[in-house]
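# Summary of the model geometry
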Amino acid sequence: MAAGLLGCETFISLGEDYTQQCTTLTTVYRDADKDGEGNKHEPLTWCGDPPPAYVTNTLDCDDENAEVNTRGIDDQCDGIDQDCDGKTDEDFPRLDCPIFIDRQTPCQGRTACVGEDVLCFALYYYDADEDGVGSTPRLVEEPGSCAPPPVPLGGGAWVQEGNDCDDANPSIHPGAREICDDGVDQNCNGTVGKVYLRQTFSQSVLNTGAAAERWSSGTNSGFVQATPGGVECNGPEDDVTGTDDGNVVGVGLGACVPVGTSGELESPVVDTTGAPKLWLHFQQWIDFTPAGTLGAPPALTLSVQQGPQRTTLLSLVKPGPTEAQPVPGWDEVKRELDAFTGPATSLVWSYESGDAAGWGGYAIDDVLLVDESCVDAP
């Protein structure tokens, strides 16, 4: 009887010449370094499970080195293709490195492997819209040189600052001025300056405006006003004071608020779900206390309300009185609120009066709640 096929364990039948016939033939490949991957140049026809030191794949590009296979990491500057992808050293860290034009003037560079050497090549970015920030990176061909690549025939420039998210628009690049509520990411930081709450105070907004813009305050809440620097007191039914800057909500302005008065002013509830973070901008006006006044000053705190939970952000209490107090004036407050996104978010100003008449107070205006600091379109 003729010899059976090597490794055959199951048979269909005995043929007329008594040859043993195998049900399935497979090709297996030598795995000399026993890393689980075979050498395509050393095949073997086999019947049944592969014998020792053979596998069914042809993934190995160096069957004499167990550290070279498709699971390898090609992060050594040695000219060897450790992961069998046809490239060498592509995972070697490309680190920043300076190249000095002279002893004091460097250009930006990036390391790269050349054979087994680590060299520094100047790094440039193609700036198509010539706004000073590029997008497509390129290493120069000569190591140690700061000379930029040739400018393409279509124009543009090579610069050393990258990350332009729209290299066809010179008004869009990192560091550009972000415009509120236009749906465009001018400064390439991943957000678009979306406005969640915007209020420049007026009597119609506070008292009779639509629900989406109306602020709420209780009767005799303490939010009565006097003209900044003046003496006229307005009642709670007239919650807005006109100024040269527009209209403001005054809070606890001197003798207009009796001792022991407290109250709150709450913004409309807005949905800030999905905002990466929130920025609050507002103008505050501070009426400093006249020198010689005794007692405790009024206090104003700013909080974020989310459902039943309230978190105090800051207090606008000012020290005083002294002879050296500056004259009243406006200043702008910007505050990052990166922990307060959600479906029901509002701002609350809470007021506590002082214990003596004559103390100065506060006013607020131009409230803006956005997903990043931004300005209105010109």
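Residues numbered from 1 in each chain as written. Predicted model: local features only at pLDDT ≥ 70, side-chain atom pairs only at ≥ 80, totals over all residues. Heavy atoms only, no water.

A few words on the layout of surface pockets. What the largest pocket holds in volume is close to 270 Å³. Going through the elements one at a time, strand S11 (195-199), strand S18 (279-286), strand S21 (329-336) and strand S23 (362-370) are the ones with two or more residues in the lining of the largest pocket. Partitioning the lining of the largest pocket into residue classes produces six nonpolar, five polar and five charged. (1 Å grid on protein atoms, 1.4 Å probe; cavity = no way out; pocket = protein on both sides within 12 Å on 5 of 7 lines; lining within 4 Å. Points joined across faces, edges and corners; volume = space filled by probe spheres on them. Helix = DSSP H or I, 4+ residues; strand = E, 2+ residues; numbered from the N terminus. Nonpolar A, V, L, I, M, F, W, Y, C, P; charged D, E, K, R; others polar.)

Close approach of charged atoms allows side chains of opposite charge to pair. Evaluation of the coordinates by the stated rule reveals five salt bridges. Note that Arg 110 and Asp 96 form a salt bridge whose closest N and O atoms lie 3.0 Å from each other. Of this pair, Arg 110 sits in strand S7 (residues 106-114) while Asp 96 sits in strand S6 (residues 96-100), placing them 14 residues apart in sequence. Residue class for Asp 96 comes out exposed when judged on its relative accessible area of 59%. Of the charged contacts, one joins Arg 198 and Asp 376 as a salt bridge, the two residues approaching to 2.9 Å between their closest N and O atoms. Here Asp 376 lies in the segment after S23 and Arg 198 lies in strand S11, a separation of 178 residues in the sequence. The class for Arg 198 is partly exposed, based on a relative accessible area of 39%. (Salt bridge = Lys/Arg side-chain N within 4 Å of Asp/Glu carboxyl O. Buried < 20%, exposed > 50% of the residue type's maximum accessible area, 1.4 Å probe, protein only.)

Turning our attention to the confidence of the model for the chain. A low pLDDT means the predicted coordinates there should not be read in detail. Scored by pLDDT, the chain comes out at a mean of 78, with 71% of its residues at no less than 70. For the chain, per-element mean pLDDT is lowest for strand S1 (residues 11-14), which scores 42, and highest for strand S10 (residues 157-159), which scores 95. Predicted confidence is poor over residues 1-15, with pLDDT under 50, and the contacts of this stretch with residues over four places away or in other chains come to 28 contacts. (pLDDT = per-residue confidence, 0-100. Contact = heavy atoms within 4.5 Å.)

Next up on the list: the environment of Cys 61. On the secondary structure map, Cys 61 appears in the loop between strand S5 (54-55) and S6. We classify Cys 61 as partly exposed; its relative accessible area is 44%. Sequence spacing of Cys 61 and Glu 37 is 24 residues, and the spatial spacing of their C-alpha atoms is 8.8 Å.

Attention now moves to the state of the cysteines. Evaluation of the coordinates by the stated rule reveals six disulfides. The disulfide partner of Cys 61 is Cys 84, and the gap between their sulfur atoms is 2.1 Å. The sign of the -80° torsion about the S-S bond sets the Cys 61-Cys 84 disulfide as left-handed. Here the residue Cys 61 occupies a position in the loop between S5 and S6, and Cys 84 occupies one in the loop between S5 and S6, the gap between them amounting to 23 residues. (Disulfide = S-S within 2.5 Å.)

Another point: the sheet that holds strand S3 (residues 26-30). Strand order in the open sheet formed by three strands is S4-S3-S5, with antiparallel pairing between adjacent strands. The open sheet has two free edges, formed respectively by strand S4 (43-46) and S5, since each of these has just one partner strand. Examined bridge by bridge, S3 and S4 share four bridges and lie antiparallel to one another. Looking across to S4, one finds that Thr 27 is bridged to Thr 45. (Pairing = 2+ DSSP bridges.)

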